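What the coordinates show
Okay, here's what each chain looks like letter by letter:
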Protein chains: 2
Amino acid sequence: MNSPLVPLGRPRAERADAARNREQLLATARAMVAELGVEGVTMDGLAERAGLGKGTVYRRFGTRAGIFHALLDEDEHAFQDQVMSGPPPLGPGAGPVDRLIAYGRARTAYLADHLAIVRASLDRKQPVPAGSPATLTRMHIRMLLSLARPGITDLDSLALQLTAALEGPVMLYLSAPQPTTAPDPALADRLGDSWQTLIERVCPSG
Amino acid sequence: MNSPLVPLGRPRAERADAARNREQLLATARAMVAELGVEGVTMDGLAERAGLGKGTVYRRFGTRAGIFHALLDEDEHAFQDQVMSGPPPLGPGAGPVDRLIAYGRARTAYLADHLAIVRASLDRKQPVPAGSPATLTRMHIRMLLSLARPGITDLDSLALQLTAALEGPVMLYLSAPQPTTAPDPALADRLGDSWQTLIERVCPSG
DNA sequence: ATATTAAGCGGGGTGAAGTCCGCTTATGCT
DNA sequence: AGCATAAGCGGACTTCACCCCGCTTAATAT
């Protein structure tokens, strides 16, 4: 009979050697980022230093940006958990406007913390692919906006613009050319304050 | 005596052959964009098709993004002139809030029109270099904000966020993967409307 | 244990961006 | 007109992202 216990649903589980290699690659990538900076991580170099073939790297991550995406994944999940089920005002339990403000502050800090890798995880082609962090931010903002009922009709466009206002400054218009320099610790705070003001004006109800 | 008429100030004028070659390269680049799309323009291909060496292309434009920057330059100047000395409300003569709104609408339309080339003119490294259009947008917004006196202290941060809100959606979060498809003509309008609402809330004085 | 099979793997190959450096030639001076 | 000079030019070279395809091997069924 062909009735294996799990195989339908997920095509098959990840092979043991594949899992081992992924860990190996991720660890090596982290080491290379720490040692050489984001720019110093090349596909060939990563493969060689991990003692694996180039093809393996591509099988696992698909693209160079994919490496950094994977590197970010863990922290991204932690952040997401805080938003989805952490304590208020970031998590559920506070009013939508307070949550919007808290989200903006937390997100700004997160982006500033992971600046180099976030930027490296962006792919030139395909503007912000479907599953990306920016999409999550946008959906969350969109959701909180519809709860806040700011008396604005086109909440989709507004959410898009607020997403850009939140992530754009850190991801695009900021960041020093230098490899691993946090630009300015106070700047993230100022952006957080400014975000709060912006939200309070857009959603005046309170 | 060493007293040539102009040479101090500008080191020397552009050589005639250099000017001719630049025109040639620009024309060829335009043709290639029309024919092959933005992706089809390669440095080698451009050089060969223009009948010039690759070194020449790099001398003129520095980088691949530089080509598109140059391609944009003319239209960018025209846009700038409208803002600086055109009729109100885009040009001077209207109140700052009206000018902010008009600027946002005009800029959105401009970006949507030139989407493919604008995106191609962005360079991965060096996040939005100093002389770039985004900087101009930011300075203009900053200037109008200080005239509008919205009762907000950190106008620099606010200008940064509004710049991102304005340019981010078109440049980043929009645009189809397809070479030369205008995503949705109505979308630019909706973003313009949304921008107006945003500005009206941020600068309530009128 | 052995056979089967598809996921995993390796590394050579390709195309394109950007660098280098010696040759050519327009320009301005005498 | 002839000369000096530095801007301009060309194309070989390097580096890197990403592709391809035949071999290997872990997982599973018998």
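Please read all numbers here as calculations on a predicted model, not as lab measurements.

1. Quick word on the overall build of chain A
- Per the secondary structure count, chain A includes 9 helices and 0 strands.
- Counting helices and strands in the order they occur from the N terminus, chain A gives α-α-α-α-α-α-α-α-α.
- Classification of the 206 residues of chain A by burial places 43% in the buried group.
- Once local pairs closer than 6 in sequence are excluded, the contacts in chain A between residues at least 24 apart make up 63%.

2. Notes on helix H4 (residues 64-85) of chain B
Residue and element names in this part refer to chain B.
- Look at H4: 32 Å from first C-alpha to last across 22 residues, which is about the 32 Å you get at 1.5 Å a residue.
- Along H4, the sharpest change in direction is near 45° and occurs at aspartate 73.
- Those residues of H4 lying buried are Ala65, Gly66, Ile67, Phe68, Leu71, Leu72, Glu76, Phe79 and Val83.

3. Considerations on the protein's contact with DNA strand D
- Of all residues adjacent to DNA strand D, which total 22 residues, the nearest are A:Lys54, A:Tyr58, B:Arg15, B:Asn21 and B:Thr56.
- The sugar-phosphate backbone supplies 68% of the atoms of DNA strand D found within 4 Å of the protein.
- Here a base nitrogen of DNA strand D sits 3.5 Å away from a polar atom, N or O, in the side chain of B:Lys54.
- B:Arg59 is positioned with one of its side-chain polar atoms (N or O) 3.4 Å from a phosphate oxygen of DNA strand D.

4. Structural notes on helix H5 (residues 96-113) of chain B
- For H5(B), spanning 18 residues, the distance from its first C-alpha to its last is 25 Å, which sits close to the expected 26 Å at 1.5 Å a residue.
- When we look at burial in H5(B), the residues that qualify are B:Val97, B:Arg99, B:Leu100, B:Ile101, B:Ala102, B:Tyr103, B:Gly104, B:Arg107, B:Thr108, B:Tyr110 and B:Leu111.

5. Concerning the protein's contact with DNA strand C
- Around DNA strand C, a shell composed of 23 residues is seen, among which A:Asn21, A:Lys54, A:Thr56, B:Lys54 and B:Tyr58 lie nearest.
- Sugar and phosphate atoms represent 60% of those atoms of DNA strand C found within 4 Å of the protein.
- Note that a phosphate oxygen of DNA strand C is positioned 2.8 Å from one of the backbone N or O atoms of B:Ala16.
- Within the side chain of B:Thr63, an N or O atom sits 3.0 Å from a phosphate oxygen of DNA strand C.
- Considering every element that reaches the surface near DNA strand C, the biggest residue donor is helix H3 (residues 54-61) of chain A, with 5 residues.
- Looking at side-chain class alone, the surface near DNA strand C contains 7 nonpolar, 6 polar and 10 charged residues.

6. So, the UniProt feature "DNA-binding region" (unreviewed entry) in chain A
- Those places that UniProt annotates as "DNA-binding region" (unreviewed entry) correspond, in this numbering, to residues 42-61 of chain A.
- Helix makes up 80% of residues 42-61 of chain A and strand 0%, whereas the separation of the span's terminal C-alpha atoms amounts to 13 Å.

7. A short note on the packing of helix H1 (residues 16-36) of chain A against H3(A)
All names here are of chain A.
- Look at H1 against H3: their axes get within 11 Å of each other, and the N-to-C directions meet at 95°. Between H1 and H3, the crossing angle belongs to the class labelled roughly perpendicular. Between H1 and H3, the contacting residues are Ala18, Asn21, Arg22, Leu25 and Leu26 on the first element and Thr56, Val57, Arg60 and Phe61 on the second.

8. Overview of the pattern of salt bridges
- Considering all chains together, one arrives at 19 salt bridges over all chains under this definition.
- Residue A:Asp17 is joined to A:Arg15 by a salt bridge in which the shortest nitrogen-to-oxygen separation is 3.3 Å.
- The class for A:Arg15 is exposed, based on a relative accessible area of 60%.
- Here B:Arg190 and A:Asp154 are joined by a salt bridge, their closest N and O atoms 3.1 Å apart. Separated into two different chains, B:Arg190 in helix H9 (residues 185-202) and A:Asp154 in the loop between helix H7 (133-148) and helix H8 (155-171) make up a pair that spans both.
- Salt bridges sharing common partners tie together A:Glu14, A:Arg22, A:Glu23 and A:Arg60.

Calculation rules
- Residues numbered from 1 in each chain as written.
- Chains lettered and ligands numbered in written order.
- Predicted model: local features only at pLDDT ≥ 70, side-chain atom pairs only at ≥ 80, totals over all residues.
- Heavy atoms only, no water.
- Helix = DSSP H or I, 4+ residues; strand = E, 2+ residues; numbered from the N terminus.
- Buried < 20%, exposed > 50% of the residue type's maximum accessible area, 1.4 Å probe, protein only.
- Contact = heavy atoms within 4.5 Å.
- Expected span 1.5 Å × (residues − 1).
- Bend = angle between axes of the 7 residues up to and from the residue.
- Near = heavy atom within 4 Å.
- Polar contact = N/O pair within 3.5 Å; in protein donor to acceptor, adjacent residues only side chain to side chain.
- Nonpolar A, V, L, I, M, F, W, Y, C, P; charged D, E, K, R; others polar.
- UniProt positions renumbered as here; feature names shortened; annotations may be inferred.
- Axes fitted to C-alpha atoms, helices over the stretch in contact; angles between N-to-C directions.
- Parallel < 35°, antiparallel > 145°, perpendicular 65-115°, else oblique.
- Salt bridge = Lys/Arg side-chain N within 4 Å of Asp/Glu carboxyl O.

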